[in-house]
Amino acid sequence: MADVVLSIENATKVYGSGPAATEALKDVTLQVERGEWIAIMGPSGHGKSTLLQLMGGLDRPTKGNIYLDKSDITRLSQGDLARLRGHKIGFVFQFFNLLPHLTALENVEMALWLGGMDKHLSRSRGLHLLDQVGLAKKAGNFPNALSGGQQQRVAIARALANDPDVLLMDEPTGNLDSAAEADLLERLSMLHEGGKTLVIVTHNPAVADRAQRRVRVRDGRIVGETNNA
Ligand SMILES: Nc1ncnc2c1ncn2[C@@H]1O[C@H](COP(=O)(O)OP(=O)(O)O)[C@@H](O)[C@H]1O
Ligand SMILES: [Mg+2]
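Structure report, in brief.

Criteria and thresholds
Residues numbered from 1 in each chain as written. Chains lettered and ligands numbered in written order. Predicted model: local features only at pLDDT ≥ 70, side-chain atom pairs only at ≥ 80, totals over all residues. Helix = DSSP H or I, 4+ residues; strand = E, 2+ residues; numbered from the N terminus. Rg over C-alpha atoms; globule rule 2.2 N^0.38 Å. Buried ≥ 20, exposed ≤ 12 C-beta atoms within 10 Å, placed from the backbone. Contact = placed C-beta atoms within 7 Å. Axes fitted to C-alpha atoms, helices over the stretch in contact; angles between N-to-C directions. Parallel < 35°, antiparallel > 145°, perpendicular 65-115°, else oblique. Left-handed = near helix turned anticlockwise from the far one by under 90°. Nonpolar A, V, L, I, M, F, W, Y, C, P; charged D, E, K, R; others polar. Pairing = 2+ DSSP bridges. Near = placed C-beta within 6 Å.

The number of helices and strands found in the protein is seven helices and ten strands. The C-alpha radius of gyration computed for the protein amounts to 17 Å, which stays within 12% of the reference 17 Å derived for 229 residues, consistent with globular compactness. Dimensions along the principal axes, computed over C-alpha positions, put the protein at roughly 45 × 45 × 40 Å. Expressed as a percentage of the 229 residues in the protein, the buried residues total 39%. Counting only contacts in the protein whose residues sit at least 6 apart along the sequence, the fraction spanning at least 24 positions is 67%.

So this is what it looks like as structure tokens:
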């Protein structure tokens, strides 16, 4: 039997209501196996980010169910969902979403504090995480004193802070130069080899080629899937 870590069952997402309503996802079903690397592809505005946000428990479907390790996260309270998400899911946003008034280290530590770690432990763990992404020397920098690639690495360190099983990333190469992109690909491959489950929304063929499955989204639906050999 496949070990399914994340299962989206008949999920529909409607934003807004009345004449302004947008049906961003329409009855989407997708299962993610533990350790898999999935690329989600499709044109802009067709529901990819919405799907990723539902998978990460950042938003709730209008209809349907989302199971994370067999528990239905659509039934959890906000507080229980936040706790579960905090240690099972790491999310890297398209524009990284670092807190601008916190240093790189504090941005990573914030995730550790939310995970329940106290402050004297979070400092060394945060530095270790930054060191793993090659940024220990920039620990004291604020986000605006970091390049796009460096900000992304802080965001990855933050997402990995509580050692989640699943890492979700939204268009990770959109704002990177080619050196930063190559570095990211290397990092993703290492995470995959280390057993992390990766779900990555991407337009980038180099990223999609490394994934085991490519899922195509169009008009809020999954319209096809290819497997890499
Ligand atoms: N918070 C929101 N409120 C209202 N509409 C939204 C919101 N987020 C996304 N949408 C709409 O949902 C559709 C899908 O958006 P999105 O999931 O961001 O697509 P993609 O990531 O593929 O570009 C688009 O029509 C978008 O305008
Ligand atoms: Mg998007």
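Take the packing of helix 5 (residues 148-159) against helix 6 (residues 178-193) next. At a closest axis distance of 10 Å, the pairing of helix 5 and helix 6 adopts a crossing angle of 20 degrees. By the angle between their axes, helix 5 is roughly parallel relative to helix 6. Read as a crossing pair, helix 5 and helix 6 show a hand that is right-handed. Residues G148, G149, Q152 and I156 of helix 5 form the contact with helix 6, whose own contacting residues are A180, D183, L184 and R187. Here the residues of the contact of helix 5 with helix 6 are counted per class, giving three nonpolar, three polar and two charged.

Before going further, it helps to spend a moment on the environment of S122. Turning to its location among the elements, S122 is positioned in helix 4 (residues 119-132). Spatially, the C-alpha atoms of S122 and L112 are 6.1 Å apart, while their sequence positions differ by ten residues. Other than its neighbours up to four places away in sequence, S122 contacts E109, L112, W113 and M117.

Our focus in this paragraph is the sheet that holds strand 6 (residues 89-92). What the six strands build is an open sheet, ordered 6-7-8-3-9-10; its pairing is mixed. The open sheet has two free edges, formed respectively by strand 6 and strand 10 (221-227), since each of these has just one partner strand. Sheet twist, expressed as the mean angle between neighbouring strand axes with direction ignored, is 15 degrees. Relative to strand 9 (residues 213-218), strand 3 (residues 37-41) runs parallel, the two being bridged by four bridges. By the bridge assignment for strand 9, M41 is matched with R216.

Next up on the list: the pairing of strand 2 (residues 22-33). For strand 1 (residues 4-15) and strand 2, the ladder comprises eight bridges, and the chain directions are antiparallel. Across the sheet, residue L6 finds its bridge partner in strand 2, namely V32. A loop of six residues connects strand 1 with strand 2, the two strands running antiparallel in sequence, and G16 in this loop sits at a positive phi of about 70 degrees.

Taken together, Y15, G16, T22, A24, G42, S44, G45, H46, G47, K48, S49 and T50 make up the full set of residues adjacent to ligand 1. Looking at the shell around ligand 1, the elements with two or more residues in it are strand 2 and helix 1 (48-55).

Strands belonging to one sheet form pairs held by backbone hydrogen bonds; the direction of such a pair is parallel or antiparallel. As summarised here, the arrangement of the four strands in space is 2-1-4-5, forming an open sheet in which the pairing is antiparallel. In the strand order of this sheet, the two ends are held by strand 2 and strand 5 (71-72), each with one partner. The sheet contact formed by strand 4 (residues 63-68) and strand 5 spans two bridges and is antiparallel. By the bridge assignment for strand 5, L68 is matched with S71. Against the sheet, helix 1 contacts strand 1, strand 2 and strand 4, and its axis sits at roughly 125 degrees relative to strand 1.

Moving on: the pairing of strand 10. Each regular strand carries side chains that alternate between the two faces of the sheet. The pairing of strand 9 with strand 10 spans six bridges and is antiparallel. Of the residues in strand 10, the one forming a bridge with R218 is R221. Between strand 9 and strand 10, which pair antiparallel one after the other, the connecting turn spans two residues, and D219 there sits at a positive phi close to 50 degrees.

Our focus in this paragraph is the environment of L184. Looking at where L184 falls in the secondary structure, it is placed in helix 6. Assessed through the 23 C-beta atoms surrounding it within 10 Å, L184 is described here as buried. Separated by 19 residues in the primary sequence, L184 and H203 place their C-alpha atoms 15 Å from one another. If near-sequence neighbours (up to four positions away) are discounted, L184 is found in contact with Q152, P172, T173 and L176.

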